[in-house]
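Spelled out, the chains give:
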Amino acid sequence: KQQVVRSVVGVEDMVLLPDIKDSGIVANLKLRLQSELIYTSIGHVLVACNPYKWLPIYSEDVMKRYTLQQRVDVPPHIFATAEAAYRNMIQEEDNQCVIISGESGAGKTEASKQIQAYIAKVSGGGPQVQQTKKVFLESNPVLEAFGNAKTLRNNNSSRFGKYFELKFDRFGAPIGGLVTNYLLEKSRIVNPGRGERNFHIFYQLLSSQLADSLGVKEPAASFAYLSAGGGKAVKVEGVDDSAEMEVTLNAMKSVGMKNGQIKSILSLVGAILHLGNIEFESIQMEGVEGCRVITKASTPSGIALRKACELLGVDAKAFVRCLTV
């Protein structure tokens, strides 16, 4: 076992606070956060304070310090929680569950990724097991591209809930997994909040080499669904959408998607952008007010309709009927 050097600031386990009140808890968390100690325990519960900057506390060297260590013998850390869950599963031969909760921007997504990274590192296994780990870890960029967005409080906010389930053999080697997502914020597609972005995948697609072939080689502000949040919401400081798209594409391939499947998915993403630019006009039909799609080929609406139908592989006239019936 490696000896873990610990610098104690405040109280690491707040069960031991002399004054267990809201004010005492907040003061202790603040004191530790000021020293860049973002993790604090309350018994078996781990409290994490988002420092809103990257800290060098997730390296492989740090992982080694927590491997085979009891939680009471090491400073509070997400790795200590992952280690306890993993070892308990092996020793007790029983299912373990880690619940991650918090408000937007608290760091839930990062916490879940660090738990997965830790277990992938310490669980060992041969080539087939390593491939299983790779698939599970690579699912994160795919989920984030299609389910995360910039909000007023968080540049990479998950707009859905997710349940990760890892399956292991009796020796602790991962043999498979399941990701269940639910409550996706579908309304964001048509109405992102002011100052917020739509889902990452739209901006990644626009900045990629695939944009031209999918008919979306245009500025984000030219699409109604991407301009609704305002001009300042189009770009995120420190985020390269083009590079992120490469990560997403590699991840889609790593989880087993074929090139044809990836093209179909991205064609649908491009079609959604064009659908947002289709416009309607009011008409009178037998004394009743109605509407119809503006289909004239030379208009922005007509162009968007044509491109959307091409990407969806449907007949434009039949599609218009579906929109207005």
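This write-up is about the structure you can find in this document. (Residues numbered from 1 in each chain as written. Predicted model: local features only at pLDDT ≥ 70, side-chain atom pairs only at ≥ 80, totals over all residues. Heavy atoms only, no water.)

1. A few points about the overall build of the protein chain
Moving on, step 1. The secondary structure content of the protein chain amounts to eleven helices and eight strands.
Moving on, step 2. Within the span of the protein chain, comprising 325 residues, buried residues form 39% of the whole.
Moving on, step 3. For the protein chain, contacts bridging at least 24 residues in sequence account for 56% of all contacts bridging at least 6.
Moving on, step 4. If you sum the accessible surface of the protein chain, you get close to 18,800 Å²; carbon and sulfur atoms cover 54% of it.
Moving on, step 5. In the protein chain, which carries 37 positive and 33 negative side-chain charges, the distance between the mean positions of the two groups comes to 3 Å. (Helix = DSSP H or I, 4+ residues; strand = E, 2+ residues; numbered from the N terminus. Buried < 20%, exposed > 50% of the residue type's maximum accessible area, 1.4 Å probe, protein only. Contact = heavy atoms within 4.5 Å. Areas by Shrake-Rupley, 256 points an atom, 1.4 Å probe, with all protein chains shown as cover. Lys, Arg positive; Asp, Glu negative; His and termini not counted. Charge placed at Lys NZ, Arg CZ, Asp CG, Glu CD.)

2. A short note on the packing of aromatic side chains
Moving on, step 1. A full pass over the atoms with the stated rule returns six aromatic pairs.
Moving on, step 2. For the pair Tyr66 and Phe79, a centre-to-centre distance of 6.4 Å together with 75 degrees between the ring planes defines the contact as edge-to-face. With Tyr66 in helix α2 (residues 60–66) and Phe79 in helix α3 (residues 78–92), the pair connects residues that are 13 residues apart, well separated along the chain.
Moving on, step 3. With relative accessibility at 0%, the residue Phe79 sits in the buried group.
Moving on, step 4. Among the aromatic side chains, those forming a connected cluster through ring pairs are Trp54, Tyr58, Tyr66, Phe79 and Tyr118. (Phe/Tyr/Trp six-rings, centres within 6.5 Å; stacked < 30°, edge-to-face > 60°.)

3. Regarding the pattern of salt bridges
Moving on, step 1. What the rule picks out here adds up to 14 salt bridges.
Moving on, step 2. Two residues, Glu144 and Lys113, come together in a salt bridge whose shortest N-O distance is 3.0 Å. In this pair, Glu144 sits in helix α5 (residues 127–147) while Lys113 sits in helix α4 (residues 108–122), placing the two residues 31 residues apart along the sequence.
Moving on, step 3. The closest approach of N and O atoms between Glu185 and Arg159, which form a salt bridge, is 2.9 Å. With Glu185 in the loop between β6 (174–182) and α6 (200–206) and Arg159 in the loop between β4 (157–158) and β5 (161–168), the pair connects residues that are 26 residues apart, well separated along the chain. (Salt bridge = Lys/Arg side-chain N within 4 Å of Asp/Glu carboxyl O.)

4. What about empty space enclosed by the protein?
Moving on, step 1. Considering all chains together, one arrives at two cavities of 30 Å³ or more under this definition.
Moving on, step 2. There is about 80 Å³ of room inside the largest cavity.
Moving on, step 3. Lining the largest cavity are Gln116, Ile119, Ala120, Ser123, Lys133, Phe136, Leu137, Leu166 and Pro174.
Moving on, step 4. Going through the elements one at a time, α4 and α5 are the ones with two or more residues in the lining of the largest cavity.
Moving on, step 5. For the lining of the largest cavity, the residue count by class is six nonpolar, two polar and one charged.
Moving on, step 6. As a volume, the second largest cavity reaches approximately 40 Å³.
Moving on, step 7. Broken down by secondary-structure element, the contributors of at least two residues to the lining of the second largest cavity are β2 (45–48) and α3.
Moving on, step 8. A breakdown of the residues in the lining of the second largest cavity according to their chemical character gives four nonpolar, five polar and one charged. (1 Å grid on protein atoms, 1.4 Å probe; cavity = no way out; pocket = protein on both sides within 12 Å on 5 of 7 lines; lining within 4 Å. Points joined across faces, edges and corners; volume = space filled by probe spheres on them. Nonpolar A, V, L, I, M, F, W, Y, C, P; charged D, E, K, R; others polar.)

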